[in-house]
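Residue-level structure breakdown
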Amino acid sequence: MTPTANPSQTLDFQCQCGAIKGAVTESTPPTGRRLVCHCNDCQAFAHYLGKEKRMLDDHAGTHVYQMDSAKFTLSQGQDKLACVTVTGGPLLRWYCNDCQTPIANTLSSTRFAFLSLILSAFDAGKTDAVLGREVEHVAIASGVGDLGQVRTASMPGMLWNLLVRTIKARFNPELKKSPLFDDATGEPLAVPIKLEPAQRLAIDEKADIYREVLGEAG
Ligand SMILES: [Zn+2]
Ligand SMILES: [Zn+2]
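What you see is a predicted model, and the numbers here were worked out from it, not measured in a lab.

Let's shift gears to the layout of surface pockets. Taken as a whole, the largest pocket holds about 520 Å³ of empty space. Lining the largest pocket are 22 residues, and of these Gln66, Leu91, Phe114, Met155 and Met158 sit closest to its centre. At the level of elements, β3 (33–37), α1 (40–49), β4 (62–67) and α4 (155–171) are the ones that each hand at least two residues to the lining of the largest pocket. For the lining of the largest pocket, the element with the highest residue contribution is α4, accounting for 4 residues. The residue makeup of the lining of the largest pocket, split by class, is 15 nonpolar, 5 polar and 2 charged.

Quick look at the structure:
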């Protein structure tokens, strides 16, 4: 192997309306993890945004990349950020307030240096080149169609990753940096929106119908 002069690669981010722009800078080989999550909460987020056709694949999966939050930077549009919790829990789901392009999922504090980038706004070919093609699936029970052959990720393995990231970030504050949080206070840059139970119920009904439609198409 010849040593490479440029060991990192960049993947540009832009929301549909162009207000929010940024980039992922990932080392070669990439250190994050590509996952497809089929869980009901990820599906609820897609329906909340009205972006299900763009965000969800044929098996109702959301393609994400779990990575160090400091490797994602925004160059403009931080004032357009919005976030929602679809369960009332600590997982924040970020998007552009003007065009509803999904951006990432995070926890509610930078203590957990965790960012799960949502890949639907990125160029698919470039994504494969920079982040690798290896994909694992999560929560296949709530997916659509035959997922019997896919590689699945274990929940304990994912929690272990999160623990390692959190401990590393405790010793290296640079790792806690996130374009979605205030550096000084560690607070999210947008006030999290909480769905009313009736809103969530309506979204879940929409998601049920969408799964049926996907199932019939496949
Ligand atoms: Zn936008
Ligand atoms: Zn999920």
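Moving on: the coordination of the zinc ion (ligand 2). Listed as protein donors to the zinc ion (ligand 2) are Cys37 (SG), Cys39 (SG) and Cys42 (SG); their distances from the metal cover 2.2 to 2.3 Å. The sequence pattern describing where the donors of the zinc ion (ligand 2) fall on their chain is C-x1-C-x2-C. For the pair cysteine 37 and cysteine 42, one class covers both residues: buried.

For the rest of this paragraph, the subject is the pattern of salt bridges. Overall, the coordinates contain 13 salt bridges when judged by the stated rule. In this structure, aspartate 128 and arginine 133 form a salt bridge, with 3.4 Å as the shortest nitrogen-oxygen distance. What makes arginine 133 exposed here is its relative accessible area of 65%. Note that arginine 211 and aspartate 208 form a salt bridge whose closest N and O atoms lie 2.5 Å from each other. Taken together, the residues arginine 211 and aspartate 208, both in helix α5 (residues 197–217) and 3 residues apart, mark about one turn of the helix. One salt-bridge network, held together by shared partners, links Glu26, Asp68, Lys71 and Arg165.

Here we take up the coordination of the zinc ion (ligand 1). Here the zinc ion (ligand 1) is held by Cys15 (SG), Cys17 (SG), Cys96 (SG) and Cys99 (SG), and the distances to it run 2.2 to 2.4 Å. Viewed at the metal, the 4 donor atoms of the zinc ion (ligand 1) are separated by angles of 103 to 114 degrees, and the geometry they form is tetrahedral. For the zinc ion (ligand 1), the donor residues sit on a single chain with the sequence spacing C-x1-C-x78-C-x2-C. Of this pair, cysteine 17 sits in the loop between β1 (8–14) and β2 (21–27) while cysteine 96 is found in strand β7 (residues 92–96), placing the two residues 79 residues apart along the sequence. Under the relative-accessibility criterion, cysteine 96 is labelled buried at 0%.

What follows covers a nonpolar patch on the surface. On the surface, Trp160, Leu163, Ile167 and Phe171 cluster together into a nonpolar patch covering about 500 Å² of accessible area. Inspection of the secondary structure assignment puts leucine 163 in helix α4.

Attention now goes to the pairing of β3. With respect to burial, β3 is a largely interior element, 5 of its 5 residues being buried. On β3, burial covers both faces: Arg33, Leu35 and Cys37 on one face and Arg34 and Val36 on the other are all buried. Where β3 lies against β4, 5 bridges are found, and the strand directions are antiparallel. From the neighbouring strand, valine 36 faces β4, where its bridge partner is histidine 63. The pairing of β3 with strand β10 (residues 135–138) spans 4 bridges and is parallel. Bridging across to β10, arginine 34 finds its partner in valine 135.

Conventions used here
Residues numbered from 1 in each chain as written. Chains lettered and ligands numbered in written order. Predicted model: local features only at pLDDT ≥ 70, side-chain atom pairs only at ≥ 80, totals over all residues. Heavy atoms only, no water. 1 Å grid on protein atoms, 1.4 Å probe; cavity = no way out; pocket = protein on both sides within 12 Å on 5 of 7 lines; lining within 4 Å. Points joined across faces, edges and corners; volume = space filled by probe spheres on them. Helix = DSSP H or I, 4+ residues; strand = E, 2+ residues; numbered from the N terminus. Nonpolar A, V, L, I, M, F, W, Y, C, P; charged D, E, K, R; others polar. Donors = N, O, S within 2.8 Å, 3.2 Å for Na, K, Ca; no water. Buried < 20%, exposed > 50% of the residue type's maximum accessible area, 1.4 Å probe, protein only. Salt bridge = Lys/Arg side-chain N within 4 Å of Asp/Glu carboxyl O. Tetrahedral: all angles 85-135°; square planar, octahedral: opposite > 155°, others 65-115°. Patch = residues over 30% accessible without salt bridge, like charges linked within 9 Å, V, L, I, M, F, W, Y side chains within 5 Å. Areas by Shrake-Rupley, 256 points an atom, 1.4 Å probe, with all protein chains shown as cover. Pairing = 2+ DSSP bridges.

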